[in-house]
Amino acid sequence: MKRLFFMGSSLADLREFPIEARRVIGFALHLAQTGRKHVDAKPLKGFGGASVLEVVASHDGNTFRSIYTVRFADAVYVLHAFQKKSKRGAATPKQEIELVSRRLKQAEEHYAEWNR
């Protein structure tokens, strides 16, 4: 099973989600750790390929998202967890994508250090 790491405030943010959303996302992360993919996990656009995934959980009319990467051989990194507040479109807001990009770079650095 792959090791699970949380970048930045992603664990604290995820813990703020309703239990129903946490269960969906937690199961998706467990599947990722075992090399499988949750049915609702989709590649996040703009990151080239399917190594950065987004899982969306809905609860009580709200949308909760978690973004993680399976880019590394023996680790899964949770890059971001947030509630989508905009009601216009399904696209991930630009500021969220920028945060994911920064945290992905941090994950790459952490993995290189951890894997030594």
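Residues numbered from 1 in each chain as written. Predicted model: local features only at pLDDT ≥ 70, side-chain atom pairs only at ≥ 80, totals over all residues. Heavy atoms only, no water.

K.L.:
Can you walk me through the sheet that holds strand β5 (residues 75–84) in this structure?
P.N.:
As a general point, the strands of a sheet are linked pairwise by backbone hydrogen bonds and lie either parallel or antiparallel. The mixed open sheet is built from five strands, whose spatial order is β1-β5-β4-β3-β2. One side of each edge strand has no neighbouring strand; the edge strands of this open sheet are β1 (3–6) and β2 (41–43). Taking the axes of each pair of neighbouring strands and ignoring which way they run, one obtains an average angle of 30 degrees across the sheet. Packing of helix α2 (residues 19–33) onto the sheet brings it into contact with β1, β3 (52–59), β4 (62–72) and β5, and relative to β4 it is tilted by some 15 degrees. (Pairing = 2+ DSSP bridges. Helix = DSSP H or I, 4+ residues; strand = E, 2+ residues; numbered from the N terminus. Axes fitted to C-alpha atoms, helices over the stretch in contact; angles between N-to-C directions. Contact = heavy atoms within 4.5 Å.)

K.L.:
Where do I start with helix α3 (residues 94–114) in this structure?
P.N.:
Along an α-helix, residues three or four positions apart point the same way, because every turn accommodates 3.6 residues. Over its 21 residues, α3 extends 30 Å from the first C-alpha to the last, a length consistent with the 30 Å expected when each residue adds 1.5 Å. Turning to α3, its buried residues number three or more, namely E96, L99, V100, R103, L104, A107 and Y111. Down the axis, α3 shows its buried residues gathered within 145 degrees of arc, on one side only. In α3, those exposed residues whose orientation departs by more than 90 degrees from the buried face are K94, Q95, K105 and E113. Those residues of α3 hidden inside the fold are in contact with α1 (10–15), β3, β4 and β5. (Expected span 1.5 Å × (residues − 1). Buried < 20%, exposed > 50% of the residue type's maximum accessible area, 1.4 Å probe, protein only. Arc of directions from axis to C-beta.)

K.L.:
Is there a simple way to think about the nonpolar core in this case?
P.N.:
Side chains that are nonpolar tend, in soluble globular proteins, to be buried together. If you look at the biggest cluster of nonpolar residues, it comprises 16 residues, and the most contacted ones within it are L14, F17, A21, I25, L29 and Y68. When residues in this core are grouped by element, the largest group, five residues, is from α2. Ignoring any residue separated from it by four or fewer positions in sequence, one finds A21 in contact with A57 and F64. (Core = buried A, V, L, I, M, F, W, Y, C linked by side-chain atoms within 4.5 Å.)

K.L.:
So what exactly am I meant to see when it comes to the pattern of salt bridges here?
P.N.:
Should the charged atoms of two oppositely charged side chains come close, the side chains can pair. The final tally for this structure, using the stated rule, is five salt bridges. Two residues, E109 and K105, come together in a salt bridge whose shortest N-O distance is 4.0 Å. Highlighted residues: E109 and K105, both in helix α3, separated by four residues, approximately one helical turn. Among the residues examined, E109 registers a relative accessible area of 48% and is labelled partly exposed. The exposed category is assigned to K105, whose relative accessible area is 52%. (Salt bridge = Lys/Arg side-chain N within 4 Å of Asp/Glu carboxyl O.)

K.L.:
Would you explain the pairing of β4 in this entry?
P.N.:
Walk down a regular strand and you will see the side chains alternate between the two sheet faces. Taken together, the eight bridges between β3 and β4 define a ladder with antiparallel strand orientation. Bridged to L53 within β4 is Y68. Between the antiparallel neighbours β3 and β4 lie two residues, among them D60 with a positive phi of about 55 degrees. The pairing of β4 with β5 spans eight bridges and is antiparallel. From the neighbouring strand, I67 faces β5, where its bridge partner is H80. The antiparallel hairpin formed by β4 and β5 contains two residues in its connecting segment.

Remember, this is a structural readout, not a statement about activity or role.
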